[in-house]
Every structure is written in C-alpha cells, then in structure tokens.
Number of protein chains: 2
Amino acid sequence: MKQRIQTDPWKIIEDGFHPEENRFYESVMSLGNGHMGMRGNFEEDYSGDSLSGTYLAGVYYPDKTRVGWWKNGYPEYFAKVLNAVNFLYTPMKLNGVAVDLAKEEFSNFTRVLNMQTGILTRSFVIIRPEGQIKFTIERFVSTNNREIAAIRFHVESLEGSHRLEWAPGLNQNVQNEDSNYEETFWEPMEAEIENSMGFVLATTKKTAFVVGAAMAINASGATPIGETANLQLATLQYEIQLDAGHPVVLDKIITVLTNRDHKTEDIKELAYQSADTAKKTGYDRLRAAHIQTWSAIWQESDIEITGDDAAQQGIRFNLFHLKQTYNGLDPRLNIGPKGFTGEKYGGSTYWDTEAFCIPVFLSTAKPEIARNLLIYRHRHLEKAVENATKLGVKGALYPMVTMNGEECHNEWEITFEEIHRNAAIAYAIYQYVLYTGDRDYLLSHGLDVLIEISRFWANRVNWSEAKQAYVLLGVTGPNEYDNNVNNNWYTNRMAKWTLQYTRETIEKYYYAQPQKIHDILDHHLVTKEELEQWQSVEEKLFEPQDKTLGIFLQQDGYLDKEQRMAADLDPAERPLNQNWSWDRILRSCFIKQADVLQGLFVLGELYSMETKKRNFDFYEPRTVHESSLSPCVHSILAAELGRLDKALEMFHRAARLDLDDYNNDTDDGLHITSMGGTWMNMVYGFGGLRIKENGLYLTPVLPKTWVGYSFVLRYRGSEVKIKRTQNELTIQLLEGKPLHLRVWEKDVYCDIDGVRIPIVS
Amino acid sequence: MKQRIQTDPWKIIEDGFHPEENRFYESVMSLGNGHMGMRGNFEEDYSGDSLSGTYLAGVYYPDKTRVGWWKNGYPEYFAKVLNAVNFLYTPMKLNGVAVDLAKEEFSNFTRVLNMQTGILTRSFVIIRPEGQIKFTIERFVSTNNREIAAIRFHVESLEGSHRLEWAPGLNQNVQNEDSNYEETFWEPMEAEIENSMGFVLATTKKTAFVVGAAMAINASGATPIGETANLQLATLQYEIQLDAGHPVVLDKIITVLTNRDHKTEDIKELAYQSADTAKKTGYDRLRAAHIQTWSAIWQESDIEITGDDAAQQGIRFNLFHLKQTYNGLDPRLNIGPKGFTGEKYGGSTYWDTEAFCIPVFLSTAKPEIARNLLIYRHRHLEKAVENATKLGVKGALYPMVTMNGEECHNEWEITFEEIHRNAAIAYAIYQYVLYTGDRDYLLSHGLDVLIEISRFWANRVNWSEAKQAYVLLGVTGPNEYDNNVNNNWYTNRMAKWTLQYTRETIEKYYYAQPQKIHDILDHHLVTKEELEQWQSVEEKLFEPQDKTLGIFLQQDGYLDKEQRMAADLDPAERPLNQNWSWDRILRSCFIKQADVLQGLFVLGELYSMETKKRNFDFYEPRTVHESSLSPCVHSILAAELGRLDKALEMFHRAARLDLDDYNNDTDDGLHITSMGGTWMNMVYGFGGLRIKENGLYLTPVLPKTWVGYSFVLRYRGSEVKIKRTQNELTIQLLEGKPLHLRVWEKDVYCDIDGVRIPIVS
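Residues numbered from 1 in each chain as written. Chains lettered and ligands numbered in written order. Predicted model: local features only at pLDDT ≥ 70, side-chain atom pairs only at ≥ 80, totals over all residues. Heavy atoms only, no water.

> Mind showing me how you'd approach the interface of chain A and chain B here?
It is common to give the size of an interface as the accessible area that goes away when the parts come together. Taken residue by residue, the interface counts 45 residues in chain A and 45 residues in chain B. Carbon and sulfur atoms supply 51% of the area buried between chain A and chain B, which totals about 3,900 Å² over both sides. Of all residues in chain A, A:W69, A:D560 and A:R587 bury the most surface against chain B, accounting for 20% of the area lost on that side. Here B:E411 makes a salt bridge to A:K71, at a shortest N to O gap of 2.8 Å. Between chain A and chain B we count 26 residue pairs in polar contact (both at pLDDT 80 or more) in total. Contributions of two or more residues to the side of chain A that touches chain B are made by helix 8 (412-415), strand 22 (462-464), helix 14 (576-579) and helix 15 (582-587) of chain A. No other element matches helix 15 of chain A, which puts five residues into the side of chain A that touches chain B. Considered class by class, the residues forming the side of chain A that touches chain B number 16 nonpolar, 14 polar and 15 charged. (Contact = heavy atoms within 4.5 Å. Buried area = accessible area lost by both parts, 1.4 Å probe. Salt bridge = Lys/Arg side-chain N within 4 Å of Asp/Glu carboxyl O. Polar contact = N/O pair within 3.5 Å; in protein donor to acceptor, adjacent residues only side chain to side chain. Helix = DSSP H or I, 4+ residues; strand = E, 2+ residues; numbered from the N terminus. Nonpolar A, V, L, I, M, F, W, Y, C, P; charged D, E, K, R; others polar.)

As structure tokens, this is what we get:
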C-alpha cells in the first residue's frame with residue numbers, strides 16, 4: 001500500500017511530476033466512455049517510462065496461446081485487449097527543440113482528473129534558456145457522442161517570444177506490451193491528409209476488425225507548415241508564434257469508428273463527416289454536453305460520504321471508472337477487468353461481471369443495462385455447451401475468460417476447474433428477476449441458461465461410494481490460492497442452489513404456462529428422468545463441514561493444513577504471491593479471497609447470524625485479500641455482524657485498492673470489475689440492502705467516524721435516495737411509484753413525501 | 001501400438017523406405033557412445049520430413065522459460081538438449097542432379113541397425129534414366145574412441161557410367177525444433193578446409209560450450225573439385241567416375257571435441273590430429289575396435305530369451321540404447337530421458353535415473369559406474385539446498401529436471417510438487433551400498449545427501465490437528481494423472497523410509513566411528529533436537545489406507561472418485577492424455593503409472609504377499625500405463641504374485657514400448673530411462689532377483705511360452721550368469737569369488753563349478 005494521492009471529494013491530483021510513478025498515474029487517470037478510452041498518457045512525445053494505451057470496446061486480437069507445457073483441452077488463443085490507434089499523438093517543438101518532459105526542465109506540473117466532469121487536465125511550465133512557456137492540455141472522451149474525443153492545448157509564453165511547432169496526428173503504429181510472440185496485431189490500410197483533416201484506417205489481423213480515425217483541427221493563428229501521411233501515421237504540422245501575454249488555443253477533435261458499428265466501406269466518409277461536424281460544434285459545446293451527461297450519470301449513481309474524505313474519494317473513483325467502462329448500450333459488450341486502463345488479463349468477461357457488477361447496474365441504471373449483460377451470456381450459450389463438451393461434460397460451462405463466448409484462458413487449474421463461475425451466471429438471473437420483477441425473462445432467456453448450467457452440474461459430479469454422496473472433484477474455488485481441490489464448499493453449495501432454483505422455476509411456471517415449459521424442456525431435450533437425476537444431485541451433493549468448529553470447510557482436508565493467522569505473517573512476505581513459491585501458497589491455509597464467506601454473503605438469507613459469525617471468525621483471520629474481489633465481501637459480512645471497525649477497514653481497502661496501490665499492480669491498469677464490489681460493499685454492507693423474494697430490505701449502519709452517507713437505488717421502477725446520518729435515516733422517492741420497504745425489520749412505505757426515521761442511539 | 005518392426009534377435013530392420021514413418025525409424029536407429037550420438041538421419045540431403053539431431057553429452061542451452069502464466073518460484077530457463085554440429089552432412093549429386101530420396105525414384109531400400117555391432121547400414125538403388133546406382137552407407141559412433149565417428153559410402157553403378165559428386169562436410173547451421181523463442185543456440189566461430197581436412201568451431205550462447213569437429217577423408221579414385229568454408233559450414237567436394245562393375249569406397253572420418261574435455265585453445269589442433277590419426281588407422285580397423293568394445297559390453301549385460309523373438313529383440317533394444325546413452329565414465333553426466341535420440345524434454349537428469357537405472361548399472365557394470373551417478377547428485381547437493389530454500393523449506397530438494405543441479409522445469413504441479421524424486425535419490429544410496437558393500441561411501445558422501453533430504457522431509461510436513469499426524473500436503477506422486485494431492489501414499493511412505501534409513505545409518509555408524517558421525521552432523525548443523533524431530537515425523541507420518549479394502553490409498557480422497565476400470569475405456573479414447581482434457585484425466589480414477597505399486601515394489605521386503613495381492617488387484621485394473629515407467633513395475637509384481645500371463649503382457653509392453661510405439665511418440669525419440677526399468681522387469685520380475693541386507697535372492701520364474709532365458713549379474717565383486725529353462729536353473733560364476741545366494745528360499749553356494757538345480761514341475 002502506498003498513499004500517494006491527496007484526498008479530494010471529486011478529483012485525482014498529481015501535483016508535481018513523478019516519472020517513476022508515471023504508469024501508476026496513467027492508470028488512475030484513464031478516461032473512457034464505453035466505446036473507447038485511453039490511459040493518462042501524454043499527448044506530446046515522452047521518452048520516459050510509460051505504458052501507452054488506447055483501447056476500443058470489443059476490438060480484440062486472438063493472440064496465439066503461449067504455454068510451457070500444453071495440456072489437452074487448452075484453447076488455441078488468448079483474446080487480447082488491443083492497443084489501438086493512438087489519437088492523442090501530438091508531438092510539439094519549442095524553438096526547434098522537441099518538448100519531452102523526460103529531458104526538459106519544467107515546473108508547476110499538475111495532472112488532474114476531475115471525476116465529476118470526466119475531464120483530464122495537465123499543465124506545466126517549460127523552462128528554456130529563451131524563457132518560460134506554460135502548457136495546459138485538457139481532454140475528454142465524450143460520453144455524449146461516444147465516437148468523439150477532444151483535446152485542447154492552451155499555450156502561453158510567460159516571457160519572450162517563441163516558435164511552437166504543433167503536430168496533431170493519428171498514429172496507428174501501436175503494439176501490445178503483452179504480445180505473446182512480439183507480433184503487431186494490426187495491418188495498416190490507409191492514411192491520408194485531406195482538407196486539413198487527417199484519417200487513418202487499419203484492420204486487425206485474424207479478427208478483421210476495421211478501425212478508422214479522423215481528426216479535425218481548430219487552430220486560429222496557427223500556420224500550416226506541412227503534413228505527413230504514410231500507412232501508419234497521419235499528421236498535420238503547424239507553426240505558432242508565442243508572445244508573452246497572448247495565449248493560444250489549439251483544438252484537436254477526433255472521431256473513431258469501427259466496423260462493429262458501421263459498414264467498412266462507410267467508415268472513412270462517416271469519420272470525416274463526424275469530425276467535421278464536431279469541429280463545427282466546437283470544443284466548448286462538445287465539452288458542455290459531455291459534462292451534462294456525466295452529471296446525469298452521477299445523479300443516478302453517486303454515493304456521498306461525509307466525515308471520511310478518503311472513503312468519499314475512493315467510492316467515487318470506483319463509480320467513475322466503472323461507469324466509464326460499461327454503459328450497457330451494446331449487448332455484445334461486457335465489463336473487462338481492466339476496462340480502458342490497461343492491456344493485462346485480456347478478454348472482456350470474467351465471472352466478476354455476474355458476481356460483482358450486476359447489482360450496481362441493477363441499482364443505478366435502467367433494467368435494460370443489466371439485462372444486456374444477461375443477454376450477453378444467453379448469446380454465448382451454444383459456445384458454453386461446446387466448451388463443456390470439450391471437457392467431456394454435458395450441459396454448459398461458461399468460459400473463465402472470453403471475448404466472443406469461446407474460452408481463451410490457459411491455466412488448467414483455472415480454465416478447466418474454476419467452474420463456480422457457472423453459478424454466478426445462474427445467480428445473476430435470479431437477482432435480475434428479483435430486482436426488476438421481469439419474470440418473462442425467465443421464459444424467454446433465463447431458463448435456457450439455467451437448464452444447461454444445471455445439466456452441467458448434474459453431470460460434472462460423481463457419486464462417491466466412500467461418502468455416499470455426490471462430490472465435485474478437481475475444482476478451484478474463488479480462493480485461487482488452492483487449486484484442484486475436492487468439494488469446494490462454495491462451488492458445491494452454489495451448484496446445489498442452481499439445481500434448486502432451476503427446479504423451482506420449472507415447477508412454478510409449469511402451473512401457469514405448462515406448454516411453454518414443455519417447449520423449453522423439449523428444446524433442451526430434458527427428460528423426466530434427467531430432472532429426477534438433477535433432484536437427486538441437489539439432495540445429495542456433499543457439503544464439507546466441521547461439526548466441532550461449526551463451520552463449513554472450504555474444501556475437503558482444509559483442516560489438515562497448518563493453521564496460521566495472516567496477522568502473524570512477516571509483512572516483508574506480503575503480498576504472498578510476489579514472495580512465496582506457488583506450492584508454498586497452495587499448501588498454506590492462507591486464503592486469497594472470500595470463498596466460504598462469498599457463499600455466506602450470496603446465500604446469506606439461508607444462514608443464521610451465528611453460522612455467519614462462526615465462519616467469519618474462522619476464515620477472516622486466514623484471508624490475505626490478495627484479490628481485488630475479496631475485501632468487499634468481508635466488509636459486507638462484518639457490517640452485518642456489527643463489526644463496523646473491521647467493515648470500515650475492509651471498505652477503505654476495497655474503495656482505495658487502486659488509488660493506494662494495495663496489490664502493487666496499479667501500474668498495469670485498474671481493477672474495474674471489483675469496483676462493482678466496492679459499490680456492493682457500501683450499499684449492501686453499510687446500507688444493509690438485501691433484495692429478497694418479498695421485497696427490499698435495509699438495515700443501514702454508520703461507522704462511528706462518519707458523519708453520514710447517502711446513495712440512490714432503483715427497484716422495480718422506483719428510484720429512491722437513502723440518506724443515513726448519526727441521528728436519522730431519510731428515504732426520498734426520486735422517481736416512479738411509491739415503494740414498500742422493510743427497514744430494520746419494520747415495514748416502511750415511501751411515497752413522494754419521503755420517509756424520515758429518527759435514530760436513537 | 002503399431003507393429004512395424006519385424007522380429008530379429010539382433011537387428012532393427014526397415015525394409016523399404018517409409019517416408020511417413022521416417023521420424024520413427026530415425027529414433028529407433030539412433031547411435032551413441034556416451035559422448036555423442038545422432039538419430040538415424042540420412043547423410044545426403046533429404047527434403048522430406050525428418051527430425052535432424054546430433055547431440056553431445058553435457059552440452060546444453062538454457063532456453064528462456066516460456067509459460068503462459070508465471071508462478072513465483074519458476075526457474076528462468078529450461079536446459080535444452082542441443083542439436084549440435086551435423087557431421088553426417090554429405091550432399092551428393094548424380095550426373096549433376098542432387099540425390100534426394102524424397103524426389104528420387106529408387107528401389108531396394110533398407111535401413112538396418114545391428115545392435116550386436118552398433119553399426120547402422122542403409123542401402124538403396126537409385127533409378128535414373130541413365131541407369132541404376134547402388135549406395136550402401138554404413139556408419140558408427142565409436143565406442144572405442146568416443147570422440148570419433150566414421151561413415152563409409154559404398155557406391156556402385158549397376159549399369160552405365162555416371163558422375164558422382166560427393167561433398168562430405170561439417171554443418172554447424174543447426175536448430176532445435178523445440179526452441180522456445182525460435183532462436184539459434186550457437187555462435188559459429190570458425191570453419192576451414194586445410195590439407196584436405198575440414199574443421200568447424202562453434203560456441204553455445206549463454207553456456208559458452210565450445211565444440212570443434214574435424215573430418216578427414218579416404219577417397220581413393222575421387223578427384224577433389226572444390227571446397228567450401230564459411231562460418232557455419234566446411235565441405236570438400238569430390239568427383240567420382242562410376243562405371244558398372246567398379247564399385248568405389250569413400251570414407252569420412254570425424255572427430256568431435258568439446259571444451260568439457262579439452263582446453264578451448266587446443267581443440268582445433270587436437271581435432272585435426274585425432275581425425276588424421278583415425279584416418280591413418282583406417283575405417284576397417286576403427287570399425288573392428290568398435291565392434292570389439294560392443295562385444296565386451298554385451299558380454300557383461302546381454303540377456304538371452306529363447307522362444308520369444310519379440311521379447312528377445314525388445315530387451316536387447318533396451319540394453320543397446322541404454323548402454324549407448326550412458327557409459328558412466330564421466331561423473332558430470334547423467335542419463336537423459338531421450339539420450340541421443342531426440343531433443344524433447346531437455347535436461348539430462350530425472351528421478352528415472354535413480355528409480356529405474358541404478359540397478360541395471362549396478363548389475364551389469366563396474367561399481368564405479370553407479371557410484372558416478374551417485375556422486376553426480378552429491379555434487380549438486382548445495383544447489384538442491386538452494387532449490388528447497390526457494391520453496392521455503394529447509395534441507396535439500398533435488399530438481400525434477402536438471403543439467404547442472406539447478407531446477408529447470410516449469411510446471412508448478414511437477415516442479416514444486418513431485419517431490420518424491422528426493423526419496424529415489426536416498427534409496428539409490430541404499431541400493432548401492434547393498435549391491436557393492438561399499439559402506440565407506442555412506443561416510444564420505446552418502447550421509448551428506450541423506451541428512452539434507454531427511455531435513456527436507458521433516459520440514460516439508462506439517463502437523464495436522466485433524467488427523468493427529470504429520471501430513472504431506474500439495475504433492476504430485478509418481479502418477480502424474482493426479483496433481484496437487486494430499487498424502488500421496490508412495491511419497492509419504494518413502495519419506496518415512498528415508499528418515500528411518502538416515503536415522504539407522506547414523507545410529508549404526510555412531511558406535512564404530514562416533515567422531516566421524518559427529519563431524520558430519522556438525523557440518524550439517526544437525527542438533528539432537530532436530531534428530532528427535534525427524535524421529536517424531538518418522539513415527540507419525542500419515543499413511544492413507546482403506547481398512548475395508550485392505551489397501552493403501554494412493555492419496556487422501558482417492559475413493560471419492562468414480563471407480564472405473566481401464567478395460568472399460570473406449571479404445572478410441574486412448575491414450576487419455578491425447579484425447580481427454582486435463583481436468584477430466586485428473587478427476588478420473590485412472591492412473592498413469594505405478595504409484596502405490598511402485599512403493600510396494602521398492603519396499604517389497606516389508607510387505608506380505610497378501611498385501612501386495614490386494615493392492616495389485618485394486619490398482620492394476622485402474623492403471624492405463626501412459627508412462628513408459630509403468631508396465632515394468634506392474635510386471636515385476638505380477639511375476640512375484642505368480643501371474644505370469646500378466647507379467648509377460650506387461651513385459652512385452654515395456655520391452656517393445658518404442659519399437660511398437662505404444663505411446664504414439666517414438667517420433668520424438670526413445671524412452672531411454674525406462675529401458676533400465678525393462679532390465680529390472682526381466683531380472684527382478686522373471687529372475688526374481690532381490691538384493692537384501694543379508695544377500696542376493698533369486699526366485700526365477702519362466703513364462704509358459706518361453707523356452708528359457710539367461711542374464712548376467714554382478715554382486716559384490718562377483719559376476720554370475722543365471723540361466724533358466726523349463727527343466728533347470730544353472731548358475732555359472734563368470735568372475736570373482738564364489739558366492740552365497742538364496743534361491744527359492746534355499747541357500748546355494750556357487751563357485752567355479754557352478755550350480756545346476758533341476759526343476760520338477
């Protein structure tokens with residue numbers, strides 16, 4: 001953990017340049033709009049250390065799998081998030097010498113991300129023997145028109161006269177640092193300068209995505225002095241006279257279009273048109289529209305925390321990046337673990353989406369958004385069946401990591417064995433129906449997925465004569481610090497839950513719509529015998545536990561491990577995964593991320609506080625939280641158990657994971673999907689929100705050190721704002737029909753007048 | 001399994017060329033002499049499919065590790081067996097057109113390996129419009145002078161006159177097919193032609209091995225027409241007039257020297273000298289000396305089987321290749337799993353050496369040979385301690401795969417977890433002392449290794465409160481179709497055995513040489529407390545078993561698996577590792593290779609026939625024998641249990657593994673180390689040999705279909721020949737002092753008159 005960032009409710013500020021931490025700042029200052037985004041890279045050339053990255057949603061490259069030892073069943077490729085056309089690219093020269101902060105004397109450097117407006121501003125004063133020149137460079141990726149980005153250069157001589165050469169460009173010569181075989185992934189197709197506008201077109205190898213970028217310039221007072229257009233690069237060159245007291249403003253407007261949204265043959269014309277229109281609209285109006293859209297996003301999702309600026313900054317940082325990454329407008333897209341902030345991990349879709357992001361989108365955006373995430377999996381059902389078939393199992397196994405539905409990960413202990421991901425996908429359907437009341441979804445899409453997942457579970461188990469129970473052998477649970485274990489409790493329990501939910505859904509709808517259910521079962525070739533076998537597995541699936549301790553066992557044999565406490569670890573050994581050999585981690589009792597506790601959170605309704613307490617007391621001290629997905633779950637359970645100090649400690653860790661670089665990897669990009677977990681931490685944890693069959697439950701608690709907090713919530717067409725202080729809880733209806741809630745186990749009715757519940761401490 | 005090879009007691013014959021099986025024949029026709037060797041490649045250019053390979057013992061390249069996902073603790077490199085200077089290289093032209101069997105019309109092709117003489121002969125008749133020309137090309141790698149190889153080309157026009165261009169050369173432009181990053185591993189240094197001799201010198205990148213090869217030519221009647229010497233290639237070109245009835249003989253004599261044996265600056269001169277001397281000696285005399293040495297090798301190691309030609313050919317094939325690979329003259333060398341027959345797997349040393357090859361070298365060669373294999377590990381003790389330290393464990397963990405003592409493998413489930421290899425190294429010391437009576441070895445070297453291995457075991461365990469026993473978690477046993485299991489019985493049992501043997505050795509020698517033992521313990525900083533802890537682990541190390549079935553359990557939870565029989569598998573699914581995904585293999589009950597049974601073989605003296613029978617009956621039907629190291633152990637136990645049909649079936653599989661391509665991988669090279677297992681299969685299995693504390697035991701059995709067999713055996717300075725037929729057993733003293741043996745539980749005394757025991761059936 002490194003505390004680098006000063007707290008501020010809305011801003012992320014780098015005050016003075018930190019070249020050795022540049023990758024960190026590039027990550028946290030990333031911008032995106034669901035369609036495209038980029039890291040906080042510099043526009044002008046920078047010869048120091050940097051991870052350059054511009055990314056386009058859904059544009060990927062199937063990089064040939066690289067392994068040491070091939071295992072049968074591995075996929076042929078790993079879908080890489082692609083570094084795409086660098087449209088920031090704008091080399092500058094002052095008096096003939098390149099501006100390069102790695103080589104330059106300069107002062108007053110700041111890089112500031114304003115999360116309220118989604119605008120990144122960088123300023124610095126270059127100190128040359130000839131005098132000082134101040135640069136302020138501001139940019140945004142429009143949330144209003146998602147194919148548009150804009151950059152404004154504000155340059156001012158503080159003393160003397162200078163000649164600025166300014167060369168806005170589009171640079172297609174980009175590479176991924178994580179390319180397996182050091183290949184480039186792009187074939188350049190075209191680059192041109194026409195009518196003082198630039199255009200480049202390129203296509204990805206293998207996947208044949210076509211991407212066109214155009215730029216238009218507003219630069220009054222600048223003199224065109226040249227242009228370059230080769231296959232990989234289009235630049236315009238201008239000369240600007242800088243005199244003290246006469247600042248100049250240079251705008252670069254960019255559009256980026258792909259053949260995911262347009263016909264390839266139209267891209268060029270549309271890109272030019274769009275850039276030209278945007279140029280005519282002008283930077284200021286583009287900027288205002290962008291800010292307005294952000295304002296609307298904050299309206300429906302902001303969380304305010306008073307009395308804890310670090311927490312306030314943290315939760316907004318999480319919401320900001322999550323909403324930048326995914327806007328739910330395109331059911332072909334999903335939520336990549338690094339969003340637009342880095343190239344690591346690749347793929348776009350992990351179980352993180354269902355397990356950690358569904359609730360925040362259900363709560364803070366229209367139901368269609370979460371529905372699109374569900375539809376995404378429905379579209380991939382056939383490939384999930386193929387995937388299971390490859391492993392010799394019937395039914396559907398959704399991939400661990402995917403772009404297009406095909407598995408693309410290649411670690412046997414994960415790819416083949418971390419099968420609990422299937423359960424999260426089933427559970428997301430359950431949650432969606434609970435939140436929205438959209439029961440039709442079950443018949444139109446949900447049951448297709450539930451049936452094939454249930455079939456998978458019922459087929460993946462085997463009967464153990466020794467245990468006289470069905471067992472799930474050779475799995476990896478959420479805790480990836482144990483691999484290839486038998487009977488991971490979380491996996492078994494969630495498998496059982498899925499079988500139960502599928503059975504109950506079939507039974508429930510059978511009475512109302514027997515023909516429809518018949519059709520669905522027939523379509524999937526489900527027989528009565530098969531349903532009976534599923535029920536047998538549901539009833540007799542083994543759940544490891546220790547009766548003496550009164551806990552569920554993470555897996556068979558967990559208690560054979562040497563039982564140590566994470567608190568007794570030498571801090572120099574943390575994080576374990578950077579200091580211990582893998583086998584040492586595996587045979588230790590230390591838990592990377594919530595596993596049994598994940599289950600007790602997800603299925604919390606089914607377990608008593610006593611059970612949760614015993615398991616929490618056992619597992620929490622053994623958990624090292626070296627996954628970004630861990631602290632939030634522990635914090636939620638701690639809050640439920642009334643352990644607010646612990647809950648707050650974990651919440652800080654979740655909310656400031658990247659800002660304070662807890663896992664020493666923010667350089668690679670941000671942990672986007674765990675940001676959904678941070679939202680859950682706040683709203684499910686402190687807010688005590690639970691959505692149950694019979695409605696919305698709240699038990700809001702407040703850490704001692706906080707003054708108060710508020711959050712907004714959608715539920716079945718209503719939107720409410722919940723505000724908790726030390727003295728009272730208020731609920732305000734923002735939109736929709738009045739709502740019945742259960743607050744602290746009491747019925748509460750919230751209409752347009754709102755509710756105010758005093759708190760007597 | 002593919003029966004391609006006709007049976008013959010001494011020869012491996014390819015009759016008619018099989019281009020689609022060329023890699024197979026190249027593998028089985030490999031030649032070697034402990035210093036160098038090569039696959040059965042063609043001398044002249046061949047544009048068809050081929051795996052070209054010439055290898056030099058101990059010359060390796062540390063290829064940068066390639067993995068998909070790095071795990072902490074992985075080594076930086078994998079030591080690759082290097083493809084070295086191709087000295088077969090001899091392009092030929094007939095009437096101006098290259099001889100290339102991929103493009104040529106030809107007849108009467110044979111490729112024959114004579115295992116009795118170690119000579120490979122290939123002949124064919126080229127059919128050209130101008131007439132037919134017969135080639136017979138014979139070669140050997142001298143067992144007499146290990147730096148020398150020789151090739152004789154015998155060419156004869158069968159009709160008409162022809163012009164042969166013959167260009168013997170040394171080609172340093174070689175690559176490994178399995179290079180991780182498609183790099184070349186060599187830097188060429190020099191190539192020259194001088195006095196009608198050729199020379200090339202090259203050095204390996206990183207490891208800086210220097211290899212020089214020289215060639216000299218005897219080619220009377222050939223006219224020199226040119227020469228080539230560039231950095232990677234030195235060739236001489238000759239022209240030969242071929243007239244019907246006037247065959248010509250062309251000899252190419254090669255020497256290959258490395259800086260492992262010579263000073264770099266001397267290599268060139270010595271190589272020229274040696275080649276020149278060999279040339280003067282002449283092909284015929286070099287050949288005769290080579291054959292004589294092979295004759296001596298067969299004298300001390302041949303096994304004769306009458307009545308089963310396939311078995312006879314198989315066992316000789318095993319002995320031939322094993323003795324080609326390792327001659328024990330250099331304690332820096334070990335027995336690579338592919339010897340000089342392929343580049344796959346890399347490294348030179350696996351646990352195979354101790355577990356499968358020590359007995360054959362102890363039995364059929366001077367004790368120094370096996371001693372050198374032990375010394376090899378003693379030299380690497382310090383690196384084994386470093387290796388264990390990396391994994392956070394005290395003591396020594398010998399590497400899974402190594403060239404120089406450093407671990408170079410990179411699969412976590414193997415590298416870090418297949419730790420039973422340590423036990424085989426301890427057990428080899430025990431065997432060496434039993435066989436040779438060289439007790440001094442324990443004090444000079446053995447205890448150093450035993451102590452550090454015992455320390456490893458005592459440190460790698462942990463106390464399980466649940467089991468009230470020490471446990472070994474997270475291991476992979478010999479059966480690699482189960483990974484990361486807990487309490488693999490074989491591993492635990494062998495760990496316990498090691499601790500016991502170390503303790504007993506210390507105790508035993510303490511009375512005779514207390515000071516020496518003190519010094520050794522002090523040197524290793526072993527305290528009384530530590531010895532007590534070792535004893536506690538020895539006494540309380542968990543051994544999984546099932547009391548109902550009366551068997552040892554391969555590992556915790558093995559009985560939770562679905563219990564199926566290998567015989568019920570669809571043959572189309574075999575081998576499983578080429579047809580099933582890895583997770584499916586792991587969760588199945590199918591066993592790749594002897595695991596519990598390996599332990600019951602190694603520690604057989606300690607277990608009753610009843611115990612062996614129960615375990616054999618349980619595990620044998622579940623074993624798929626997809627490791628080359630498996631059938632021999634099953635066969636030995638089957639023989640002991642009187643199941644001769646099973647024993648014979650498994651013996652055929654062991655002995656003809658590569659010849660009949662059971663595992664569909666002979667193309668890559670031969671399974672050299674399992675050939676030691678085949679010898680054990682014959683001598684321990686049918687011969688019933690056991691070496692115990694109190695002497696040599698024999699219980700020879702004879703399969704019904706066999707007429708008889710014989711083998712030779714060294715034991716404490718004596719050498720005897722055992723011959724079994726249906727009617728009698730004879731023991732003949734070949735060398736050394738008379739010997740007491742226990743044959744069929746009776747004392748037998750064998751002096752110069754030998755022993756003859758009639759068998760009454």
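So, next bit.
> Which parts of the structure should I look at to understand empty space enclosed by the protein?
Once rolled over the atoms, a probe with the size of a water molecule shows which space is left empty. Per the stated rule, a full pass over the model turns up nine cavities of 30 Å³ or more. Estimated volume of the largest cavity: approximately 190 Å³. In terms of lining, the largest cavity is formed by 18 residues, of which the most central are A:Y74, A:N410, B:W69, B:Y74 and B:N410. (1 Å grid on protein atoms, 1.4 Å probe; cavity = no way out; pocket = protein on both sides within 12 Å on 5 of 7 lines; lining within 4 Å. Points joined across faces, edges and corners; volume = space filled by probe spheres on them.)

> Help me out: how do you make sense of the sheet that holds strand 30 (residues 728-735) of chain B in this one?
What holds strands together in a sheet is hydrogen bonding between their backbones, with the strands either parallel or antiparallel. Residue and element names in this part refer to chain B. Strand order in the open sheet formed by five strands is 21-28-29-30-33, with antiparallel pairing between adjacent strands. At either margin of the open sheet sits one strand with a lone partner, and together these are strand 21 (304-306) and strand 33 (755-758). Across the sheet, the mean angle from the axis of one strand to that of its neighbour is 15 degrees, orientation sign disregarded. Where strand 30 lies against strand 33, four bridges are found, and the strand directions are antiparallel. Each bridged residue has a counterpart across the sheet, and for E728 the counterpart in strand 33 is P758. Across the sheet, helix 20 (residues 674-686) touches strand 21 and strand 28 (708-715), and the angle it forms with strand 28 is around 95 degrees. (Pairing = 2+ DSSP bridges. Axes fitted to C-alpha atoms, helices over the stretch in contact; angles between N-to-C directions.)

> Even after reading the chapter, I still don't get the pattern of salt bridges, so can you show me in this structure?
Between side chains of opposite charge, pairing is possible as soon as their charged atoms come close. One pass over the structure, following the stated rule, counts 114 salt bridges over all chains. A salt bridge links A:K280 to A:D276; the nearest nitrogen and oxygen atoms lie 2.6 Å apart. Taken together, the positions of A:K280 and A:D276, both in helix 2 (residues 264-281) and four residues apart, correspond to about one turn of that helix. Its relative accessible area of 61% is what places A:K280 among the exposed residues. The residue B:R4 makes a salt bridge to B:D661 at a minimum N-O spacing of 3.5 Å. (Buried < 20%, exposed > 50% of the residue type's maximum accessible area, 1.4 Å probe, protein only.)

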